[in-house]
Amino acid sequence: VQLQASGGGLVQEGGSLRLSCEGSVRTFNNAATAWFRQAPGQEREFVAGFTWSRTTLYKDSVKGRFTISRDNARDTLYLQMTSLKVEDTAVYYCAVPSTVTYGNIESPAEYQHWGQGTQVTVSS
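For clarity, every value in this text was computed on a predicted model and none was experimentally measured.

On to the pattern of salt bridges, then. Per the counting criterion, the structure on display carries six salt bridges. Of the charged contacts, one joins R37 and D88 as a salt bridge, the two residues approaching to 3.0 Å between their closest N and O atoms. One end of the pair, R37, is in strand β4 (residues 33-38); the other, D88, is in the loop between β8 (76-81) and β9 (90-96), and 51 residues separate them in sequence. A residue is classified by how much of its surface remains accessible, and R37, at 5% relative accessible area, is buried. Here D60 ties to K63 by a salt bridge, and the two come within 3.1 Å at their closest N and O atoms. What you see here is one network of salt bridges that share partners, running through R37, E45, K59, R65 and D88.

Strand order in this open sheet of four strands is β1-β3-β8-β7, and the pairing throughout is antiparallel. Edge strands, defined here as strands with exactly one partner in the open sheet, are β1 (4-6) and β7 (66-71). For this sheet the average axis-to-axis angle between neighbouring strands, irrespective of direction, equals 15°. The sheet contact formed by β1 and strand β3 (residues 17-22) spans three bridges and is antiparallel. Paired with A5 across the strands is C21, a residue of β3.

Parameters and conventions
Residues numbered from 1 in each chain as written. Predicted model: local features only at pLDDT ≥ 70, side-chain atom pairs only at ≥ 80, totals over all residues. Heavy atoms only, no water. Salt bridge = Lys/Arg side-chain N within 4 Å of Asp/Glu carboxyl O. Helix = DSSP H or I, 4+ residues; strand = E, 2+ residues; numbered from the N terminus. Buried < 20%, exposed > 50% of the residue type's maximum accessible area, 1.4 Å probe, protein only. Pairing = 2+ DSSP bridges. Axes fitted to C-alpha atoms, helices over the stretch in contact; angles between N-to-C directions.

Here it is, written out as structure tokens:
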């Protein structure tokens with residue numbers, strides 16, 4: 001499994017960005033998938049994801065602002081981010097587990113495949 005994340009950049013507070021994560025072969029079908037982020041000096045944290053039952057789950061601070069989606073035909077995962085805040089600044093990673101575990105999708109330990117990360121910087 002190879003994941004290629006893109007779409008990050010520099011944006012002013014209140015702006016929007018859409019992140020993309022391209023998979024290799026049917027990467028996101030029937031899998032829990034997620035976006036994480038990591039700011040300098042901080043641990044990697046869950047942002048949004050699809051659960052094993054294919055529902056969506058969001059970090060409280062991004063609810064109503066971020067939307068996760070996926071296009072299985074294009075083998076691509078997306079994260080639409082609106083009303084961006086300075087505290088959203090981080091490197092964003094997409095992630096996919098290698099096996100079906102029905103575990104906690106908010107835990108980085110659940111995932112074995114990670115994209116290379118894309119930098120999102122929100123200026124005030």
